[in-house]
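Next come the chains, spelled out residue by residue.
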Amino acid sequence: MFMFASLPDRDALRLAISDAYRRDENACVDFLLKQDPLKQESLLAIESTARDLVQQVRQERLGKGGIDAFLYQYHLSSEEGIALMCLAEGLLRIPDKTTIDLLLRDKLTAPDWQTSLGKSDSLFVNAATWGLMLTGRVLSANDNNNHFKRVFKGMVERAGEPVIRKAVGEAMRILGKQFIVGRHISEALKRAQKPEKLGYRFSYDMLGEAARTAQDAERYFKAYQDAIAAIGEAAAQRGPIDGPGISIKLSALYPRYEIGRWSEAVDLLSDRLLKLAQQAKGYNMGLTVDAEEADRLEMSLDIIERVLRDSSLEGWHGFGLAVQAYQKRAPFVIDWLIATARDAGRKIMVRLVKGAYWDTEIKDSQIRGLQEYPVYTRKVSTDVSYIVCAKKLADAADVIFPQFATHNAQTVAVVMSLMAQRTDYEFQCLQGMGRALYDPIVTPGRYARPCRIYAPVGSHEDLLPYLVRRLLENGANTSFVNRIVDEASPIDDLVADPLAKLAALVIKPHPQIPLPKDIYGAARQNSRGIDFSDSLAAKKLKAQLDPFAQQQWRAAPTVERADAERVSKTVTEPRYRQNSVGEVTEGTSADVDQALTQAHAGYQTWHRLLPVNRAKILLQASDLLEENEPELVALLVREAGKSIPDAIGEVREAVDFCRYYAEQAERTLVPQVLVGPTGESNSLQLVGRGVVACISPWNFPLAIFTGQVVAALAAGNAVIAKPAAQTPLIGARAVALLHQAGVPKDVLQLLPGRGSVIGDRLINDERVDAILFTGSTETARHINQSLAARNGPLVPFIAETGGQNVMIADSSALPEQLVVDVMTSAFYSAGQRCSCLRVLFIQNDIADKVMTLLQGAMAELRVGDPGLLTTDIGPVIDMNSHKTLSDHVSHLEKIGR
């Protein structure tokens, strides 16, 4: 019934990796500190080496500077640094000149670039500043009669804004050239020759983010093959260590490298990676698998293990991978790698990095309501984790060739101390960054240690995502890259022992980064999500869902009366119409009359209940929804045809509604004493209106249903809830949980049935004091007209109706990200959400590229059983909906392209 991707069994070391994923950050920090990787007598030597390196970098910066100096001059805490990001987007993403001119005029008129001119000895900083100042001053609305303004205004009058745009473009090309070693691999190999003579090595990265289509994946695969051939020829059998290598992104080789496709992703990616590894072995060069987002880690380990154990790679020691020290799992990943390499009889290369997706990991965890963050929330914890991992690598000389990627002088000094008895290791840095730190290290003399440059290869069009990530990562004012060139940053702070700093912290997690459940502070708790990338959590959910695979539920009016006119019918699954989910007994007109009588009686006591007491009941309901999540998910899949991720999201939304309205009731419904200017006593108190009818749709049968009901209950109203005819069982289960939480049965009553019977009877009865409705515009118009025909006071009618949800994308949109958002909005819940994307408008300049990407991405969608985690699109709700969609397709085929 409920089938997840094939999740492999885990040995003890893999279980330790999974356990660390969920472990409390305090426990992870305690684990790091207990490792005690540094000997006390080595601390003074480490500090001395680090101090020496920092002083050399600062002295070196006086004559050079490059990108390090640029990031210091325009760090992202400055207004100019933020505007620089806008500039990068404007010039690297937008294909048409008109939009670029408009964007530059809009974005670059405020910062005072002129104040930075001449402040740096770096030619690069000043050259770029001239370009930025040129545009900013010429297009500024704030006129002043200075020399620059007069000179450049005359230039613009003669040449026009396109010339100015070109001038700024030159400044950005300078910036891009710092990060890209070449537009194509042959150019990159040629440009690398000079640094190689100085003692540097290279690992080339083909620019481009994750593949979105099968065509993308094939193109990236071919690009990797071509690059390996070119690098291999240039390497001339120097070997994986002394010669150049290549870095591979698994996400570039398969467009659905995600948890829902675990089994097929592992199969396909293992095959493609093995072919590339075999090719690299033929040239005896290195190949390293890049680290990506945390939710792909366990999948990547499955792929790496398969390739590592393949007998065709025997005798080759050039296979490697990157490990991110900012992940709490990093030490356990190192343990597993060492054990796996020994068991397979292989020696592998391990690139230890701090990590490049920190902000993404934090925000994604908050959005998904995860229990913990997969990464450390303090930089000092990451530094300590790096040291612990480095010590493990240093102690595994038999199977590990360590590659220490860092721009931190203190970390470099620690590595040198840990590796004092070994010479078989190297450092790594990013292209265009860290040269001031590593030049004295690679030079023959005191250190004489090799450094490999991670060198992106590609066109400027492919630079933007990488550039933004690098600037975010290294442009922040807390970054070591920024601080090492900042004379105002005391050297003592830069060379301080991170282990001592971390141990001295009273609060180990960052106090300004609450756990995902606490992101709303004291107001309310965030709803709990499920992380499918945690294989143990996914298996647990499957075990919880299985008991409900054949369960039958029942829905009936909650009014206690016998009625021979009631009709019962079977509720079937949208995916398999022959499968029963349960039975619904539909209400009658007599049931509506009885429910209204009981609701009015219940209202008299409910609205007098203190708001704080009503809030407690709603909070109890939110907890019950979470406790019963497996059952609710199973019911949503079976009765509403929801996919498993969509069903989990809907339960979370229902939980959020309960907590939000509970908080609102406590905060806004408390009686307030008002000022009495003439001595009178004034107070303000908000009370319920009476009986509210809640009419909800089938496309959000739990979330919208619960949201309507708890909003009305929180305000002190009695509620009669009519669920959609297609999904009465979900509504009945939600009402049962609200009753269990403490809502009196006469205050909340369920009336399943046809709209022509239950709905019409409710909207025409003058005992209904307000109506909440979500559904079609046609039905809303009918309700509105019926209420207007009533005698007596106006009846509040709150309606959310259908419409055309439109997305407009201009040429500044990154096509790859645009397609991801379009796919999410248009096709989740089989396109049946009221908020689903209906129409996409695209600027002509990017239309062809977006359409090609969109068609390729749509081809990767899988339509099928929503109980399978591999399914993207489940069934539509019923045959009437299917016919409506089919008729619409036929209509478009006649009139559209």
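Residues numbered from 1 in each chain as written. Predicted model: local features only at pLDDT ≥ 70, side-chain atom pairs only at ≥ 80, totals over all residues. Heavy atoms only, no water.

Overview of the overall build of the protein
The criterion, for reference: Helix and strand labels come from DSSP, where a helix needs a run of H or I of at least four residues and a strand needs a run of E of at least two; each type is numbered from the N terminus. Each residue gets one of three labels from its accessible area relative to the maximum for its type: buried under 20%, exposed over 50%, partly exposed in between, using a 1.4 Å probe on protein chains only. Every residue pair with non-hydrogen atoms within 4.5 Å of one another is taken to be in contact. Only the protein chains shown count as cover for residues, with accessible areas throughout obtained via the Shrake-Rupley method and a probe of 1.4 Å.
Each helix and strand in the protein was counted, giving 36 helices and 20 strands. Within the protein, the proportion of its 897 residues that are buried is 56%. Pairs at least 24 residues apart make up 79% of the contacts formed inside the protein by residues separated by at least 6 positions. Carbon and sulfur atoms make up 52% of the accessible area of the protein, which amounts to about 37700 Å² in all.

Quick notes on the pairing of strand β20 (residues 839-842)
Selection rule: At least two DSSP bridges between two strands are required for those strands to pair. Look down the strands so they point away from you; if the path from the first strand over the helix to the second goes clockwise, the crossover is right-handed.
Pairing of strand β19 (residues 806-809) with β20, which is carried by four bridges, proceeds in the parallel orientation. When the bridges of β20 are listed, M807 appears paired with L840. Note on the crossover from β19 through helix α34 (residues 815-827) to β20: the handedness is right-handed.

Considering the sheet that holds strand β11 (residues 580-586)
Put simply, the rule reads: Fitted lines through C-alpha atoms give the axes, limited to the stretch in contact for helices. The angle between two N-to-C directions lies from 0 to 180 degrees.
Spatially, β9-β11-β10 is the arrangement adopted by the three strands of the open sheet, whose pairing is mixed. With partners counted over all chains shown, the strands left at the sheet margins are β9 (553-555) and β10 (567-572), one partner each. This sheet shows a mean twist of 20 degrees between the axes of neighbouring strands, independent of strand direction. In this sheet, β11 lies alongside β10 in antiparallel orientation, the contact comprising six bridges. Bridge pairing in β11 links V571 to G582.

Observations concerning the side chain of D531
Under the convention used in this document: Within 3.5 Å is the distance limit for a polar contact, defined as a pair of N or O atoms, with the added protein rule that one can donate a hydrogen and the other accept it, and that residues adjacent in sequence qualify only through two side-chain atoms.
If you trace the backbone, D531 turns up in the loop between α24 (498-504) and α25 (535-545). The buried category is assigned to D531, whose relative accessible area is 9%. Only 2.6 Å separates the side chain of D531 from the side chain of Y21, close enough to count as a polar contact. Look past the residues within four positions of D531 in its chain and what remains in contact with it is Y21, R368, L370 and A537.

Let's talk about α34
Definition in use: In a helix, the anticipated span is given by 1.5 Å times the number of residues less one. In this context, the arc is that of the directions from the helix axis out to the C-beta atoms.
With 13 residues, α34 extends 18 Å from end C-alpha to end C-alpha; this agrees with the ideal 18 Å at 1.5 Å per step. Taken together, the buried positions of α34 are occupied by P815, L818, V819, V822, M823 and A826. Looking straight down α34, one finds its buried side chains confined to an arc of 135 degrees; they lie on one side. Elements in contact with the buried residues of α34: β19, β20 and α35 (844-859). Trailing α34 by a residue or two, S829 shows a phi angle of about 55 degrees, which is positive.

Points about the environment of P744
For P744, the position within the fold is in the loop between α31 (728-741) and β16 (748-750). Between the C-alpha atoms of P744 and T605, which are 139 residues apart in sequence, the distance is 9.9 Å. Among all residues touching P744, those that are not within four sequence positions of it are W606 and H739.

A look at the packing of aromatic side chains
What counts, and what does not: Working definition: rings of Phe, Tyr and Trp (its six-membered ring) pair if their centres are within 6.5 Å, and the pair is stacked with planes under 30 degrees apart, edge-to-face with planes over 60 apart, and tilted otherwise.
All told, the structure shown has 11 aromatic pairs when counted by the stated rule. Here Y425 and F427 contribute two aromatic rings whose centre-to-centre distance is 5.8 Å and whose plane-to-plane angle is 80 degrees, an arrangement assigned as edge-to-face. An identical accessibility class is assigned to Y425 and F427; each is buried. Seen in terms of ring centroids, F427 and Y438 are 5.7 Å apart; in terms of plane orientation they differ by 45 degrees. Their pairing is tilted. Of the two residues, F427 is situated in strand β7 (residues 426-430) and Y438 in helix α20 (residues 435-442); the sequence distance between them amounts to 11 residues. In this structure an aromatic cluster arises from ring pairing among F404, Y425, F427 and Y438.

Some words on the nonpolar core
Put simply, the rule is: Nine residue types can take part in a nonpolar core, namely buried Ala, Val, Leu, Ile, Met, Phe, Trp, Tyr and Cys, and a core is a set of them joined through side-chain atoms within 4.5 Å.
By size, the foremost hydrophobic cluster in this structure holds 196 residues, and its most contacted members are Y204, L287, F319, F404 and F427. With residues near it in sequence (within four places) discarded, Y204 still touches V181, I185, A188, L189, A192, I231, P244, G245, I246, S247, A455 and V457. Counting 15 residues, the second largest nonpolar core, distinct from the first, contains V822, A826, I846 and A847.

Examining the sheet that holds strand β4 (residues 319-324)
In space, the eight strands of this closed barrel follow the order β1-β2-β3-β4-β5-β6-β7-β8, with parallel pairing throughout. Along the sheet, successive strands turn relative to each other by an average axial angle of 30 degrees, direction set aside. Pairing analysis gives three bridges linking strand β3 (residues 286-289) to β4, with the strands arranged parallel. In the strand pairing of β4, L287 is matched with F319. Against the sheet, helix α12 (residues 214-235) engages β1 (200-206), β2 (245-248) and β3, with an angle of about 165 degrees to β2.

Digging into the packing of helix α27 (residues 611-627) against helix α29 (residues 644-668)
If you want to describe how two helices pack, look at the angle between their axes and the distance between the axes. The test is simple: Orientation categories follow fixed angle ranges, with anything under 35 degrees roughly parallel, anything over 145 roughly antiparallel, 65 to 115 roughly perpendicular, and all other angles oblique. Helix crossings fall into two classes, left-handed where the near helix is turned counterclockwise from the far one by less than a right angle and right-handed where it is turned clockwise.
At a minimum axis distance of 8 Å, the contact between α27 and α29 shows a crossing angle of 165 degrees. Considering their axes alone, α27 and α29 lie roughly antiparallel with respect to each other. Judged by the twist between their axes, the crossing of α27 over α29 is left-handed. When α27 is examined against α29, the residues P611, V612, A615, L618, L619, A621, S622, D623, L625 and E626 are found in contact with a partner set consisting of V651, A654, V655, C658, R659, Y661, A662, A665 and E666.

Concerning the confidence of the model for the protein
The condition that has to hold: Each residue gets a pLDDT score, which is the predictor's confidence in that residue and runs from 0 to 100.
Taken residue by residue, the protein gives an average pLDDT of 86. The fraction at 70 or more is 83%. Per-residue pLDDT stays below 50 along residues 137-145; that stretch engages in 16 contacts with residues further than four places along the chain or on separate chains.

Focus: the pairing of strand β18 (residues 797-801)
Two faces belong to every sheet, and in a regular strand the side chains alternate between them. Across five bridges, the pairing between strand β17 (residues 770-775) and β18 is parallel. Residue pairing for β18: F773 is matched across the bridge by A799. At this point the chain moves from β17, through helix α33 (residues 777-788), to the parallel β18, and the crossover so formed is right-handed.

Observations regarding the pattern of salt bridges
Defined as follows: Here, a salt bridge means any Lys or Arg side-chain nitrogen found within 4 Å of an Asp or Glu carboxyl oxygen.
As enumerated under the stated definition, the model contains 60 salt bridges in all. The salt bridge involving D395 is made with K391; its shortest N-O contact spans 2.6 Å. According to the relative accessible area criterion, K391 is partly exposed, its value standing at 28%. In this structure, a network of salt bridges that share partners links the residues R256, E258, R261, E264, R862 and D872.

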